[in-house]
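# Inside the fold
The primary structure of each chain is shown beneath.
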Amino acid sequence: MIGAFVRRSIYWTSDFLKGSPIRSQYDDIRRIMENPPKGEILRKLHLRNILKHATTYSPFYNKQANKPLSEFPVMNKSLLLEKFEDIKIPHRHIPNQKGELYIQRTSGSTGTPFAIPQDTRKRNRRLADLKYFGKIVGFKSHNSLVHMRAWNNWQNKSKLQTLKENIIAFNISNINNERLNNLCEIINKKKISALRGYASSIDLFIQYAVEKNIKLPSLKIMIAGSEALLDSTRTMVKKHIGCEIISQYANEENGILAQERIPSREKNHFYLNHASYFFELLKLDSDEPAQYGELGRIVVTDIFNYAFPMIRYDTGDTGILIEKDQYSNGYPVLSNLYGRRFDLIYDTKNNPIHPMAIGRILKNSPQINQWQFIQKSRKEYLLKIASQSEVAEINPIVELLGPGAKVSIEKVNNIPILASGKRKPVVNEWKQ
């Protein structure tokens, strides 16, 4: 921990000598998140500034001048790529830009690779978000961290970065028992305090540690992202590892959008990053606002990217928004995060089912190591399982799906990981 303190002190001293570009963003985030009356004023100011900037300097948004946010077009990845040249802001009009723009790339796990220009202030805001949202769940910047993901040429960390940031980049592109054992050895040898990774990768890792009875006493927090965090994973982490685990909602093109709190609150609500984004929930079949409590599309306006305005960006994810809860400081909260629209499955009456609902049934079958649930048609489903023994009772799943549901079972050796390093627990082949 002394090493972390020294790194942290050097980092913030360096930031101070540069004029506190990250500290100022961090303080702004804290003010907005923790002081709603003043925070709401700041949020509206940030929103007004980005809309004015976009309509002044972006050819695509010129015609939206003086219009409210609700009259701007809703954009998705395909539209952003199609209109890319007209949306991006000429370099000379990006305020306080120093040097080249930062290019944030996505993995393309949904079939659409993406490279988003970000200005210096947006990059600093993103780093400040990481530090703020890490700290409120018990992870201080520069504490030792293993980041599990599919690292590639443009996202990998150099040895110098690893040393300065105290982060070990652990590649899970080809993960097997040997690699999982290596990960356990790294954590114990270097006394790693935090682990970040895809929810499915953490699940695989924890299953291995439990099976081999490997203790990991230095771990204090796990941050799972990109996929639904299963109840069974939460239980294993808390029971066998003895540390906290939370789910974080983020994407590569924007940053941290929301995360759970510690200690885990009832129903595991996601607390939105209202400091850096303006959120809307729109109906599944139109651009009209969804009501509180109604399943809708998560649409985000990034209020800090002055190089490439991402206004009313349809993330492709779905969720349910509620007005507030007792821990949200009066801000709206995501009571449910369902993930990508085309990864939702539906019962035989066409009602959406959260992936967690399947997981909560299958967690009672400890012989199942991995599973994937696929909707083939309106009433036909396939459950793929990697199991050590006979298949468990699936009547509860059939009952969940409704009248006429037909569930087939296929035993497999393992559920393949995507090139991005993620593993989808549910897939909807019918609606795609």
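A brief report on the enclosed structure follows. (Residues numbered from 1 in each chain as written. Predicted model: local features only at pLDDT ≥ 70, side-chain atom pairs only at ≥ 80, totals over all residues. Heavy atoms only, no water.)

## Some words on the side chain of Arg234
Of note, Arg234 is situated in helix 10 (residues 231–241). Engagement of the side chain of Arg234 in a polar contact is seen with the side chain of Glu260, the distance being 2.7 Å. Setting aside residues no more than four positions away along its own chain, Arg234 makes contact with Leu229, Ile245, Ser247, Glu260 and Asn268. (Helix = DSSP H or I, 4+ residues; strand = E, 2+ residues; numbered from the N terminus. Polar contact = N/O pair within 3.5 Å; in protein donor to acceptor, adjacent residues only side chain to side chain. Contact = heavy atoms within 4.5 Å.)

## Some remarks on the nonpolar core
Generally speaking, soluble globular proteins have nonpolar side chains that are buried together. Counting residues in each nonpolar core, the largest one holds 32 residues, and the members touching the most others are Val146, Phe205, Leu216, Leu219 and Met222. For this core, the secondary structure elements donating two or more residues are strand 3 (145–149), strand 4 (167–171), helix 8 (177–189), strand 5 (194–198), helix 9 (199–211), strand 6 (221–225) and helix 10. Ranked by residues supplied to this core, first place goes to helix 9 with 7 residues. Among the nonpolar cores identified, the runner-up in size contains 24 residues, and Phe72, Phe84, Ile94 and Tyr313 belong to it. (Core = buried A, V, L, I, M, F, W, Y, C linked by side-chain atoms within 4.5 Å. Buried < 20%, exposed > 50% of the residue type's maximum accessible area, 1.4 Å probe, protein only.)

## Points about the sheet that holds strand 16 (residues 368–375)
The strands that make up a sheet pair up through hydrogen bonds in the backbone, lying either parallel or antiparallel. The sheet built from 4 strands is open, its strands ordered 18-17-16-19 with mixed pairing. The sheet terminates laterally at strand 18 (406–411) and strand 19 (426–428), the two strands that pair on one side only. Across the sheet, the mean angle separating the axes of adjacent strands is 20° when strand polarity is ignored. With 3 bridges joining them, strand 16 and strand 19 adopt parallel strand pairing. The residue bridging Ile374 from the neighbouring strand is Val427, located in strand 19. (Pairing = 2+ DSSP bridges. Axes fitted to C-alpha atoms, helices over the stretch in contact; angles between N-to-C directions.)

## Side note on the packing of aromatic side chains
Per the counting criterion, the structure on display carries 9 aromatic pairs. Centroid distance Tyr132 to Phe133: 5.2 Å. Interplanar angle 85°. Geometry classified as edge-to-face. The buried category is assigned to Tyr132, whose relative accessible area is 4%. Through pairs of rings, three or more aromatic residues link up here, namely Tyr11, Trp12, Tyr26, Tyr132 and Phe133. A cation over an aromatic ring shows up here: Arg23 above the ring of Trp12, its NZ or CZ 4.1 Å from the ring centre. Positioned above the aromatic ring of Phe170, the side-chain terminus of Arg179 is 4.2 Å from the ring centre. (Phe/Tyr/Trp six-rings, centres within 6.5 Å; stacked < 30°, edge-to-face > 60°. Lys NZ or Arg CZ within 6 Å of the ring centre and 35° of its normal.)

## Describing helix 10
Along helix 10, the residues classified as buried are Asp231, Thr233, Arg234, Met236, Val237 and Ile241. In the segment just after helix 10, Gly242 is the residue with positive phi, at about 80°.

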